[in-house]
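Single-letter residue listing:
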Amino acid sequence: MQFARRRRRGIIGGMYPFAEVESRAQERWRERGAFAAEEKAAGEKFYCLSMFPYPSGRLHMGHVRNYTIGDMISRHRRMLGCNVLQPMGWDAFGLPAENAAMENNVHPAEWTRNNISEMRAQLMRLGLAVDWRRELATCDSSYYRWEQLLIARLFSRGLVYKKTAVVNWDPADKTVLANEQVVDGKGWRSGADIERRSVPMYFMKITAYAEELLADLDSLSGWPSSVLTMQRNWIGRSEGARIKLPLAGRGDSLEVFTTRPDTIFGATFCAVAPEHPLAAECAKKDSRAAQFVADCGRLAVSEEAIKTVEKKGYDTGLRAVHPFDSSRLLPVYVANFILAQYGSGAIYGCPAHDQRDLEFARANGLDVVAVVSPDGKNYEVGEKAHLGAGVMINSGFLNGMENEKAKSAAVDALEKKGLASRETQYRLRDWGISRQRYWGCPIPVVHCEKCGDMAAAEKDLPVTLPETVRAEAGKPLSAALAADESFFRCACPKCGGAARRETDTMDTFVESSWYFARFASHDCNDAMVDSRAREWMPVDQYVGGVEHAVLHLLYARFFHKLMRDAGMYPKEARYAEPFSRLLCQGMVLKDGGKMSKSRGNTVDPQELIERYGADTARLFILFAAPPEQALEWSDEGVRGCSRFLSRLWSAGEEFSQMRKTILDDVRADGNGNNGNDDGILESARREIHQTLAKADYDMNRLRLNNIPSAAMKMLNAMQEFSAQCARGGFASAEKAKAAAALLDEGFGIVLRLLAPAVPHICEALWEKLGFGGTVADAPWPRADEFALAQKQTADVVVQVNGKKRGQVTVAAGADEQTVRAAAEELPAVSRDLSSRAAVRKVIFVPGRIINFVAGD
RNA sequence: GCCGAGAUGGCGGAAUUGGCAGACGCGCCGGUCUCAAAAACCGGUAUUGGAAACAAUGUGAGGGUUCGAGUCCCUCUCUCGGCACCA
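Residues numbered from 1 in each chain as written. Chains lettered and ligands numbered in written order. Predicted model: local features only at pLDDT ≥ 70, side-chain atom pairs only at ≥ 80, totals over all residues. Heavy atoms only, no water.

Before going further, it helps to spend a moment on the overall build of chain A. Along its length, chain A carries 27 helices and 32 strands. With the C-alpha coordinates of chain A rotated into their principal frame, the extents come out at 115 × 85 × 50 Å. Buried positions account for 54% of the 856 residues belonging to chain A. The long-range share in chain A, meaning contacts at least 24 apart out of those at least 6 apart in sequence, stands at 71%. Carbon and sulfur atoms provide 48% of the accessible area of chain A, an area that totals close to 37,700 Å². (Helix = DSSP H or I, 4+ residues; strand = E, 2+ residues; numbered from the N terminus. Buried < 20%, exposed > 50% of the residue type's maximum accessible area, 1.4 Å probe, protein only. Contact = heavy atoms within 4.5 Å. Areas by Shrake-Rupley, 256 points an atom, 1.4 Å probe, with all protein chains shown as cover.)

All right, on to the protein's contact with RNA strand B then. Around RNA strand B sit 70 residues in total, of which Arg435, Arg437, Ala624, Arg701 and Asn851 are the nearest. Here the atoms of RNA strand B within 4 Å of the protein split so that 63% fall in sugar or phosphate, with bases taking the remainder. In this structure, Asn851 approaches RNA strand B through a side-chain N or O atom, which is 2.5 Å from a base oxygen. Taken together, the residues that form the surface near RNA strand B break down as 24 nonpolar, 22 polar and 24 charged. (Near = heavy atom within 4 Å. Polar contact = N/O pair within 3.5 Å; in protein donor to acceptor, adjacent residues only side chain to side chain. Nonpolar A, V, L, I, M, F, W, Y, C, P; charged D, E, K, R; others polar.)

A separate point is unusual backbone geometry. In this chain, Leu461 is followed by Pro462 through a cis amide linkage whose omega measures 0 degrees. Mapped onto the elements of the fold, Pro462 is located in the loop between β20 (452–455) and α14 (485–488). The residue Asp184 is not glycine, and still its phi comes out positive at about 50 degrees. Its location among the elements puts Asp184 in the loop between β5 (182–183) and β6 (186–187). You will see that Asn801, though not glycine, has its phi angle at about 50 degrees, which is positive. Structurally, the position occupied by Asn801 is in the loop between β29 (793–800) and β30 (803–811).

With that settled, consider the nonpolar core. Within the largest apolar cluster, 194 residues are counted, with the highest numbers of intra-cluster contacts made by Met204, Phe516, Phe559, Met563 and Trp633. Counting residues per element, this core draws most heavily on helix α23 (residues 733–754), at 12 residues. Mapping this core onto the domain boundaries places at least three of its residues in each of domain 1 (148–205 + 430–506) and domain 3 (633–789). With residues up to four places along the chain from it excluded, the contact list for Met204 reads Ile151, Leu154, Leu159, Val160, Asp430, Trp431, Ile433, Phe558, Phe559 and Leu562. If you look at the next biggest cluster of nonpolar residues, it comprises 39 residues, including Leu247, Val256, Val272 and Val411. (Core = buried A, V, L, I, M, F, W, Y, C linked by side-chain atoms within 4.5 Å. Domains from an automatic or database assignment.)

Turning our attention to the domain arrangement of chain A. Partitioning chain A into structural domains gives domain 1 (148–205 + 430–506), domain 2 (238–425), domain 3 (633–789) and domain 4 (793–854). Distance between the C-alpha centres of domain 3 and domain 4: 37 Å.

All chains considered together, the criterion is met by 32 aromatic pairs. Centroid distance Phe292 to Tyr314: 6.1 Å. Interplanar angle 25 degrees. Geometry classified as stacked. Of this pair, Phe292 sits in helix α10 (residues 287–296) while Tyr314 is found in strand β11 (residues 313–322), placing the two residues 22 residues apart along the sequence. No difference in accessibility class separates Phe292 from Tyr314, as the two residues are buried. Here the aromatic cluster, defined as three or more aromatic residues joined through ring pairs, consists of Phe52, Tyr515, Phe516, Phe519, Tyr542 and Phe579. (Phe/Tyr/Trp six-rings, centres within 6.5 Å; stacked < 30°, edge-to-face > 60°.)

What follows is about the packing of helix α19 (residues 614–623) against helix α24 (residues 759–768). Orientation of α19 relative to α24, taken along the N-to-C sense of each, is 120 degrees, at an axis distance of 7 Å. It follows that α19 is oblique to α24 by the angle criterion. Packed against α19, whose contacting residues are Ala614, Asp615 and Arg618, the element α24 presents Pro759, His760 and Ile761 at the interface. Of the residues that constitute the contact of α19 with α24, the class distribution is three nonpolar, one polar and two charged. (Axes fitted to C-alpha atoms, helices over the stretch in contact; angles between N-to-C directions. Parallel < 35°, antiparallel > 145°, perpendicular 65-115°, else oblique.)

Right, let's get into the packing of helix α22 (residues 706–727) against α23. Relative to each other, α22 and α23 sit at 160 degrees, their axes nearing to 10 Å. With respect to α23, the element α22 is oriented roughly antiparallel. The chirality of how α22 crosses α23 is left-handed. Across the interface between the two elements, Ile707, Pro708, Ala710, Ala711, Met714, Leu715, Met718, Phe721, Ser722 and Cys725 of α22 pack against Ala739, Leu742, Leu743, Gly746, Phe747, Ile749, Val750, Leu753 and Leu754 of α23. (Left-handed = near helix turned anticlockwise from the far one by under 90°.)

This paragraph deals with the sheet that holds strand β16 (residues 420–425). Strands sit in the order β9-β8-β16 across an open sheet of three strands; the sheet is antiparallel. The open sheet has two edge strands, β9 (253–258) and β16, and neither has a second partner. Adjacent strand axes in the sheet meet at a mean angle of 25 degrees when their direction is disregarded. Pairing of strand β8 (residues 238–246) with β16 involves six bridges; the strand directions are antiparallel. If you follow Arg242 over to β16, its bridge partner there is Ser421. Across the face of the sheet, helix α13 (residues 403–416) comes into contact with β8 and β16 while running at roughly 130 degrees to β16. (Pairing = 2+ DSSP bridges.)

Bringing helix α9 (residues 277–285) into the picture now. The set of residues buried in α9 consists of Leu278, Ala279, Cys282 and Ala283. The buried side chains of α9 occupy one side of the element, clustering within an arc of 135 degrees when seen end-on. Summarising the geometry of α9, the exposed residues directed more than 90 degrees from the buried face are Pro277, Lys284 and Lys285. (Arc of directions from axis to C-beta.)

It is worth spelling out the sheet that holds strand β2 (residues 83–85) at this point. Read across the open sheet, the four strands follow the order β2-β1-β24-β25; overall the sheet is parallel. Sheet topology places β2 and β25 (582–585) at the edges, where each strand pairs with a single neighbour. Pairs of neighbouring strands in the sheet enclose a mean axial angle of 20 degrees, with direction left out of account. Relative to β25, strand β24 (residues 541–545) is paired through four bridges, and the arrangement is parallel. When the bridges of β25 are listed, Gly544 appears paired with Cys584. Each of β1 (45–50), β2, β24 and β25 touches helix α3 (residues 61–79); the most contacted strand, β1, lies at about 175 degrees to it.

In this model, chain A carries a mean pLDDT of 91, and residues with pLDDT of at least 70 account for 97%. Contacts for the low-pLDDT stretch residues 1–13, under 50 throughout, to residues beyond four places or in other chains number 15 contacts. (pLDDT = per-residue confidence, 0-100.)

Right under this line is the structure:
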């Protein structure tokens, strides 16, 4: 047949015309407004959201991955008949803009808006099914004014409040540093030793929602369990007791928090945080103590820095009296590893049952008294503290109790003495939203000497960030607002007198905590959101990096609940949480490491797209790894994907030619000449539908990398089938027509299977082969049960003692007896069985396996 | 340090959740076409032994449960993410 040769020529040596194909497909979508989401449209709503990007200037592979995954899910849902909303916007405030200003003399606003234009063009080139009418940028006052309004109202309700907090202070640059700007305890630019400094800040009372944030995690069945665990641990609810230990020779006492009141008799010391009032008091009188506290103050503020530092303490000379044995006096240390924010900023140490306390005790020559015993006997503690359960020993009235019971008994006894109260503590701290920075949303608070601090009047909102400040090379912009009189001078909303605006701006996590709601009400200009948010929310599928597993996702959940409680959503279960399903995608690596400028191993998506087209870029990134796993970059892999798309392109032509040839033959001679088609048709169709069934299963569980695999496999099967058709005629005209129909059916399935991943080429082929309409709205293919059921036989693996000895082909529903009989006939099986003792047991899994268990 | 992940051929990964390990792709080897090369197409490809049939071994390391373990349990190593001011 001449056909086989024609295919070989195909599109000789080159790629399919991807540039034309892609711009034409995008043009068609644009003309049709194909992805504009309407509230009233038919079909179940599906809100698919990818985490919006920070406009850093250039798209990187992480973005490509994130948005391709989101797009594939969106397009799949569209094909299932859903009414899909997929929006895009810009997380446009933040530190990099200020750094760029310092380096390049360019204003953050200008830099940011230019970056947005460039990145928007790059994103559009990817062919995302996004409703661009809803685009937003958080640095626009039309966006941030609404969060100012909410913050102002929360301030009046006490859910936003002021207190001091510790920050990293760079004494050389006279500026506050982010944790990432502190390298080995020194400022990244100045190299000066950083200091801890207390500054007044605004906080959001997220702890008021701790219980709900924790409890509602149980309802998030669409989230990865690892993220739920991380959030639970982050909130860190623990039940314990606040215990007062009287200080010897003084009237007052030290308050400590413990989750292990059962170990009270094992306490041999106390420790307070360097920020604790007792530490300050001691430092006043004792210069060495003052020195120690000052040394602690040189530590960076991150928890990581505190936890990894060498544990040191300084004896204040104060002694706490043991509440059950006044003869025991516990030395009180100031220690660098005690967190001021947690509990009461003070602990008692029980070295026998806490590893950190044990190390501290050993270093300071303190007693170690075991009070919880695994077997009830006395014992000496070695290198490891005993953290598990046990029976109380050396513990007065608690002796002999299970330690769980002793927890409660100890607190009961202390409560009677008025020395303790039960308390539930959270590791979660209130959210400090103040930043001493310029490029952020101004905090809508006014300071009046007479009236104090108050929220800015609502009629004065938004408090617009002045974009007139001058950027200067090498000069931090962080103090720009505090230096801008025209910004901070204002009238007090209460007394009308001269007042001063707050000059700190907000944490950028605030903007990203509600953008998903704004996408639904993007052009609402009289409120944060309108009723459309109630239609679209919650987000049905959220896609983004695991690095956001705790902070962003927790803040967004909190903010959503605040908005609900402010009346923006009904108090119904549906609106309890903002994100129903969550997919955390992995990073893009190259040469085993993160792609980054400093490593010099970046691959520019732009270049990739120009060279191979957006579909190849999308295909590679989907195919190379499952979405949640790290993806290893491979240039060869990219070429393989490009090759596959070129093959797909010519296969369309091939199949329609083959189909025509078959039908022409039927017309010419009525066919039925040489009937060597036994089962080809059925087995080809079965393979296509089996593969489809697996692909559908994988699509539903978001194993997106398996979809291209399935499509490749199908295309291989189709080409095999096409070659078989070319080799011979058919037994009847009906068979021939069925074969022609299968070529059509199979390729239609391949195209629809691939359309969410590589939409442009599928759109072009769909049109070219005359399937009708647009593939973006074609129905997702369904596996035909009839085709799947046709197989009459099953291959059963035969094992002896778990080792494979062969395989038998039996009728589809064959029972154990039949299979066993057939299996025992196999030479390898009988040989093995005869060398062993009698068969003790036969394990039979119908259609899969039979295992003879025999003695040796 | 604490919390959360991950480790499967030369490489990326698959394995319908305890039932034939290595689907699909890359790379490599051989072939077709070509003066030649590239491209394209066809075939092979876990390791070891063997001409082959076949056998043994094999999913980061070490133990365990099971008729049967990549999958479940325990211990360990390494890599990655987060740790509250990067986003």
